[in-house]
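Chain and residue survey
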Amino acid sequence: MSRVSYFQRFSQRENHATNNTLLLLRYFYEESPRKLQQVLNTWLDEAPVEIGLTFEQQIRMSDSVPDGFIKQAPLQIYFESKHGGGLWEDQIERHMNSITNDIGGAATRLLIGLTREPSPEALNAKLIAKAADKKIIYRGLTYSRIINDLRQTCERHDESLHRILDDYQDFLAHDGLLDNRDNRMVVFRCGTSLTENLKFGLYYEPPSRSCRSSAGFLGVYKSKQVHAIGRLQTIAVFSFNNGQVAVVENEFGTASQEQIDRVREVVKETSYYALGQDDLRVYFVEKFVPTLITKTSPGGMMGTRYLNLGELSPKLLSPSTQTTDEIAARLHGTNFI
């Protein structure tokens, strides 16, 4: 049975990425206005706001002091979302003009340029300055940044919010809206199987889960740490007949005979799982290289995560041109939330 999705995948409308992003923020607002307020204030920076209703009493007004007072601060947030490429500067400026003409100066106004890859710093600075002249706050954000900022507000017990974030992340991966594949690592939770994962250079899961082909690297996680990373080579679904590989369906790349042999070996050596009975999706890496990347937020990792290598280590400028050993060395000792 396929799992329930919170976000649409199959719409042909150009704005469904915007729609799903707004839906994500609405989910957070309905679950916890405080969490959404915390994220919005990181984007607003110098102009923090309260969202939702504020309850006060004994507020002195010009001619009286009412016993109670409920208010909602004015806040308008506008999005310009792009599937590919960058933002159009003139389009953003037209949005600024419209916001100024239609709303006036009564509210806190935030204009967000939402893109897959970070916008050039020079363009961001230029748009921030032009917006400030019109008393508008401009922020250039990536879809991945929205996930990370919201994830930081979640505690381990916020299971429904973690599920929503995971599904939004899967939607972005499905639509190619996560940042550059070579800069992205998918991190899988490994418990008992970690030794075999490292030995055979692979990770396996039921094929009913989403295929994570949008990442260039794979990390194996246990006890709040990523212990090793590998460059992703091939993804294939294996079917079995009496414990023997019967059918191979390639999902990314083409499984080699050597990789098929690795699956046979891991089935033989893994006694604690009944491998070789049900279908398996197997991710192959060229090799796993030891490193140590620590999750610093409370609790363990709730599900599969994507991490941006450049955000983990800003000096890691071009993972596609570096060896896995070099990347693992750069990432050793870094942290994620």
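Residues numbered from 1 in each chain as written. Predicted model: local features only at pLDDT ≥ 70, side-chain atom pairs only at ≥ 80, totals over all residues. Heavy atoms only, no water.

Per the secondary structure count, the protein chain includes 10 helices and 14 strands. Principal-axis analysis of the C-alpha atoms gives the protein chain an extent of 85 × 45 × 40 Å. Burial statistics for the protein chain: of 337 residues in total, 46% are counted as buried. Contacts in the protein chain between residues at least 24 apart in sequence constitute 72% of all its contacts with a sequence separation of at least 6. As presented, the protein chain carries roughly 17100 Å² of accessible surface, and 49% of it is formed by carbon and sulfur atoms. Mean positive and mean negative side-chain charge positions of the protein chain (39 and 41 charges, respectively) differ by 2 Å. (Helix = DSSP H or I, 4+ residues; strand = E, 2+ residues; numbered from the N terminus. Buried < 20%, exposed > 50% of the residue type's maximum accessible area, 1.4 Å probe, protein only. Contact = heavy atoms within 4.5 Å. Areas by Shrake-Rupley, 256 points an atom, 1.4 Å probe, with all protein chains shown as cover. Lys, Arg positive; Asp, Glu negative; His and termini not counted. Charge placed at Lys NZ, Arg CZ, Asp CG, Glu CD.)

Further remarks concern helix H8 (residues 257-269). Its 13 residues place the ends of H8 19 Å apart at the C-alpha level, agreeing with the 18 Å of an ideal helix rising 1.5 Å per residue. The inward-facing, buried residues of H8 contact helix H7 (194-200), strand E7 (202-205), strand E9 (225-241), strand E10 (244-252) and strand E11 (280-285). (Expected span 1.5 Å × (residues − 1).)

Tallied over the entire structure, the rule returns 19 salt bridges. Where Glu205 meets Arg209, a salt bridge forms, and the shortest distance between an N and an O atom there is 4.0 Å. Sharing partners across several salt bridges, the network here consists of Glu89, Glu93, Lys126 and Lys130. (Salt bridge = Lys/Arg side-chain N within 4 Å of Asp/Glu carboxyl O.)

Strands sit in the order E3-E4-E5 across an open sheet of three strands; the sheet is parallel. The sheet is open, and its two borders are formed by strand E3 (75-81) and strand E5 (137-142), each paired with just one other strand. In this sheet, neighbouring strand axes are inclined to one another by 20 degrees on average, regardless of whether the strands run parallel or antiparallel. Here seven bridges tie E3 to strand E4 (residues 108-115), and the two strands are oriented parallel to one another. Looking at E4, one finds that Gln76 is bridged to Arg109. Contacts between helix H2 (residues 33-44) and the sheet are confined to E3, E4 and E5, with E5 contributing the most and set at about 110 degrees to the helix. Helix H5 (residues 143-152) rests against E3, E4 and E5 of the sheet, and its axis sits at about 95 degrees to E5. (Pairing = 2+ DSSP bridges. Axes fitted to C-alpha atoms, helices over the stretch in contact; angles between N-to-C directions.)

Here we come to the confidence of the model for the protein chain. Close inspection of predicted coordinates is inappropriate in any region flagged by low pLDDT. Confidence in the prediction for the protein chain averages 85 pLDDT; 91% of positions are at 70 or higher. Model confidence for the protein chain, summarised as mean pLDDT per element, is weakest for strand E1 (residues 54-57) at 73 and strongest for strand E8 (residues 217-222) at 97. (pLDDT = per-residue confidence, 0-100.)

The subject of this paragraph is the packing of H5 against helix H6 (residues 159-174). Viewed as axis vectors pointing N to C, H5 and H6 meet at an angle of 170 degrees, and their least axial separation amounts to 11 Å. As far as their axial angle goes, H6 and H5 are roughly antiparallel. Contacts between H5 and H6 involve Tyr143, Ile147, Leu150 and Arg151 from the former and His162, Leu165, Asp166, Tyr168, Gln169 and Leu172 from the latter. (Parallel < 35°, antiparallel > 145°, perpendicular 65-115°, else oblique.)

What follows deals with the nonpolar core. Within the largest apolar cluster, 48 residues are counted, with the highest numbers of intra-cluster contacts made by Leu24, Trp43, Leu150, Tyr168, Leu172 and Leu218. By residue number, the principal contributor to this core is H6, which donates seven residues. Not counting chain neighbours up to four residues away, the residues in contact with Trp43 comprise Leu110, Ile112, Ile137, Arg139, Leu141, Arg145, Ile146 and Asp149. Membership of the second largest hydrophobic core comes to 17 residues, among which are Val226, Met301, Leu307 and Leu312. (Core = buried A, V, L, I, M, F, W, Y, C linked by side-chain atoms within 4.5 Å.)

Attention now goes to the state of the cysteines. Counted according to the given criterion, the structure contains zero disulfides. Distance from the sulfur of Cys190, which forms no disulfide, to the nearest cysteine sulfur (Cys211) is 16 Å. Under the relative-accessibility criterion, Cys190 is labelled buried at 4%. (Disulfide = S-S within 2.5 Å.)

Here helix H4 (residues 121-133) spans 19 Å end to end across 13 residues, near enough to the 18 Å set by a 1.5 Å rise per residue. Those residues of H4 that fall on the buried side of the exposure criterion are Leu123, Asn124, Leu127 and Ala131. Buried positions in H4, seen along its axis, are confined to an arc of 100 degrees and lie on one side of it. Residues of H4 that are exposed and point over 90 degrees away from its buried face: Glu121, Ala122 and Asp133. Just downstream of H4, Lys135 is the residue with a positive phi angle, here 60 degrees. (Arc of directions from axis to C-beta.)

Of all six residues in E5, five are buried; the element is thus mostly enclosed. Pairing of E4 with E5 involves six bridges; the strand directions are parallel. Paired with Thr115 across the two strands is Thr142, which belongs to E5. Crossover connection from E4 via H4 to parallel E5: handedness right-handed. (Right-handed = clockwise from strand over helix to strand, strands pointing away.)

This next bit is on the side chain of Lys295. Note on placement: Lys295 falls in strand E12 (residues 289-295). One buried charge, Lys295, has no salt-bridge partner; the nearest side chain with opposite charge is Glu155, at 8.4 Å. The contacts of Lys295, once residues within four sequence positions are left out, are Tyr221, Lys224, Gly300, Met301, Arg305, Phe336 and Ile337.

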